[in-house]
Amino acid sequence: METKRKFRYDFVPLNKDYKFNRGDIATLVKEDIPNVIVKINGKSYMIPYRDFIVLTTRVN
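On to the side chain of Arg5. Counting through the fold element by element, Arg5 comes out in strand β1 (residues 4-7). Buried charge without a salt bridge: Arg5, with Glu31 as the nearest opposite-charge side chain at an N-O distance of 7.5 Å. A polar atom in the side chain of Arg5 sits 2.6 Å from the side chain of Thr56. Arg5 has contacts with Asp24, Ile25, Ala26, Leu28, Phe52, Ile53, Thr56, Thr57, Arg58 and Val59, leaving out every residue within four places of it along the chain.

Moving on: the sheet that holds β1. Taken in spatial order, the five strands line up as β4-β3-β2-β1-β5 in an open sheet, and their pairing is antiparallel. Single-partner strands in this sheet number two, and they are β4 (43-48) and β5 (56-58). On average, each strand axis in the sheet is tilted by 40 degrees relative to the strand beside it, whichever way the strands run. Taken together, the three bridges between β1 and strand β2 (residues 25-32) define a ladder with antiparallel strand orientation. Of the residues in β2, the one forming a bridge with Lys4 is Thr27.

Right, let's talk about the side chain of Thr27 for a bit. Turning to its location among the elements, Thr27 is positioned in strand β2. Taking relative accessible area as the criterion, Thr27 reaches 15% and is therefore assigned buried.

Within the largest apolar cluster, 13 residues are counted, with the highest numbers of intra-cluster contacts made by Phe7, Phe20, Val38, Ile40, Ile47 and Phe52. Going through the elements one at a time, β2, β3 (35-40), β4 and α1 (49-55) are the ones with two or more residues in this core. The dominant element in this core, judged by the number of residues it contributes, is β3, at three residues. Discounting residues that sit within four places of it in the chain, Ile40 has contacts with Phe7, Phe20, Asp24, Ile25, Ala26 and Tyr45.

Where burial is concerned, the two faces of β1 differ: the one with Arg5 and Phe7 is buried and the one with Lys4 and Lys6 is not. Of the pairings in the sheet, the one linking β1 to β5 comprises three bridges and is antiparallel in character. Paired with Lys6 across the two strands is Thr57, which belongs to β5.

What counts and how
Residues numbered from 1 in each chain as written. Predicted model: local features only at pLDDT ≥ 70, side-chain atom pairs only at ≥ 80, totals over all residues. Heavy atoms only, no water. Helix = DSSP H or I, 4+ residues; strand = E, 2+ residues; numbered from the N terminus. Buried < 20%, exposed > 50% of the residue type's maximum accessible area, 1.4 Å probe, protein only. Lys, Arg positive; Asp, Glu negative; His and termini not counted. Salt bridge = Lys/Arg side-chain N within 4 Å of Asp/Glu carboxyl O. Polar contact = N/O pair within 3.5 Å; in protein donor to acceptor, adjacent residues only side chain to side chain. Contact = heavy atoms within 4.5 Å. Pairing = 2+ DSSP bridges. Axes fitted to C-alpha atoms, helices over the stretch in contact; angles between N-to-C directions. Core = buried A, V, L, I, M, F, W, Y, C linked by side-chain atoms within 4.5 Å.

Encoded structure:
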């Protein structure tokens, strides 16, 4: 079963080429401390693990 998390609020990472909106669903692809690879709207991103956990809530 895939682990999914929902963003709590809008987030613009230091890499401003992308941003995530509140309610966007992220599917965890790979948890590799200190970063996590997630898929959002069909695209993969790497986000610092701690930031990702603070910014999201668990869906399942």
